[in-house]
Amino acid sequence: MASPILPNSPLVEVVCELRFPGDLALLGAWGAIQAELRDEYPSLFVPAAVAGTAPMLQPLQLAREDHKRKVMLAINSFAVSTHQYEGFDAFVQTFQRAYDVLARHCVVPRFTRMGLRYTNVLPHDFGDADAAAGSLHPCLKLRLTGWSPSPSASEAPQLVYVAQRSSLDLRLSLLAAPEHAGTKLDLDCSETGDATPERMPAFLTAAHAFIEETFLSLITDEYHRYLEGRE
């Protein structure tokens, strides 16, 4: 059973993306896919040209009116993103509804990459600054041996680390998030290779467990209590 949503959750976005060999047949199916999703995702956004990136590999977006949820389509990828997370089970149901529409109009026999990504924004300052001395961030247990200064609120730490568990790769990024006035803790779990659609539910469950376990092991007890609304 999925864990309850934290009352003070730092989540700003959750994305599930599937990548597959490029298929021009998708172009002919986009109109039917949009028509079937239009009631829930009425807005269409087409990406501007990006130098050095093939236009067909840039996903167009079908978005809700409030822009808090969107479906992204390219000739080699499909994704669902939400900025209004209501729990893992609800997110999987949302993703599955959109994916079922894709599957009805275009056959994707295999995936080259399946990804589940949780992006959090941590406050620059939290708790006792003296207790946080030497840590990479006051909300996290990550520390540098031999490092004594407290983290600076004006300069976010930068860290990228990749961990593995069975067939899963988890990419952890700690970066500045100036648009949110905080520090971005990005947890991106993926499985690459040659997977069939039948593998997707098991991947999502395993990836979510890996992400959740990693997040809870990284945050301090004080910050955990705050997220749970106990402080």
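Residues numbered from 1 in each chain as written. Predicted model: local features only at pLDDT ≥ 70, side-chain atom pairs only at ≥ 80, totals over all residues. Heavy atoms only, no water.

Looking at a nonpolar patch on the surface
Move 1: A cluster of nonpolar side chains, contributed by L24, L27 and M56, occupies part of the molecular surface with about 280 Å² of accessible area.
Move 2: Assignment of secondary structure puts L27 in helix α1 (residues 25–37).
Move 3: Accessibility expressed as a relative area gives 35% for L27, which makes it partly exposed. (Patch = residues over 30% accessible without salt bridge, like charges linked within 9 Å, V, L, I, M, F, W, Y side chains within 5 Å. Areas by Shrake-Rupley, 256 points an atom, 1.4 Å probe, with all protein chains shown as cover. Salt bridge = Lys/Arg side-chain N within 4 Å of Asp/Glu carboxyl O. Helix = DSSP H or I, 4+ residues; strand = E, 2+ residues; numbered from the N terminus. Buried < 20%, exposed > 50% of the residue type's maximum accessible area, 1.4 Å probe, protein only.)

A closer look at the sheet that holds strand β6 (residues 111–123)
Strand pairs in the sheet, formed through backbone hydrogen bonds, run parallel or antiparallel to each other.
Move 1: Pairing is antiparallel in the open sheet, where nine strands are placed in the order β2-β3-β4-β5-β1-β6-β9-β8-β7. At either end of the open sheet lies a strand with only one pairing partner, and these are β2 (43–45) and β7 (159–165). Neighbour to neighbour, the strand axes of the sheet diverge by 15° on average, direction disregarded.
Move 2: Where helix α2 (residues 88–105) meets the sheet, it contacts β1 (11–19), β4 (69–74), β5 (77–82) and β6, and its direction lies at approximately 145° from that of β5. (Pairing = 2+ DSSP bridges. Axes fitted to C-alpha atoms, helices over the stretch in contact; angles between N-to-C directions. Contact = heavy atoms within 4.5 Å.)

Quick word on the nonpolar core
Move 1: Within the largest apolar cluster, 54 residues are counted, with the highest numbers of intra-cluster contacts made by V71, L73, F78 and L116.
Move 2: If one sorts the elements of this core by residue count, helix α3 (residues 200–218) sits on top with eight residues. (Core = buried A, V, L, I, M, F, W, Y, C linked by side-chain atoms within 4.5 Å.)

Some details on the environment of L11
Move 1: Relative to the helices and strands, L11 resides in strand β1.
Move 2: Separated by 74 residues in sequence, L11 and Y85 place their C-alpha atoms 7.7 Å apart.
Move 3: Beyond its immediate stretch of four places on either side in the chain, L11 contacts Y85, Y118, T119 and N120.

Remarks on the pattern of salt bridges
Move 1: Under the definition given, this model contains 13 salt bridges.
Move 2: One salt bridge connects E179 with K184, and the closest N-O pair in it is separated by 3.7 Å.
Move 3: The class for K184 is partly exposed, based on a relative accessible area of 21%.
Move 4: Linked by salt bridges that have partners in common, E17, R19, R113 and D188 make up one network.

Some details on the side chain of H137
Move 1: Residue position: H137 is located in the loop between β6 and β7.
Move 2: Here P123 takes part through its backbone oxygen, which lies 2.9 Å from a polar atom of the side chain of H137.
Move 3: A distance of 3.0 Å separates the side chain of H137 from the backbone nitrogen of C139, its partner in a polar contact. (Polar contact = N/O pair within 3.5 Å; in protein donor to acceptor, adjacent residues only side chain to side chain.)

Considerations on the packing of α1 against α2
Move 1: Contact geometry for α1 and α2: axes closest at 9 Å, N-to-C directions at 135°. Considered as vectors, α1 and α2 are oriented oblique to each other. Judged by the sense of rotation from one axis to the other, the crossing of α1 with α2 is right-handed. On α2, the residues that touch L26, A29, A32, I33, E36 and L37 of α1 are A98, V101, L102, R104 and H105. (Parallel < 35°, antiparallel > 145°, perpendicular 65-115°, else oblique. Left-handed = near helix turned anticlockwise from the far one by under 90°.)

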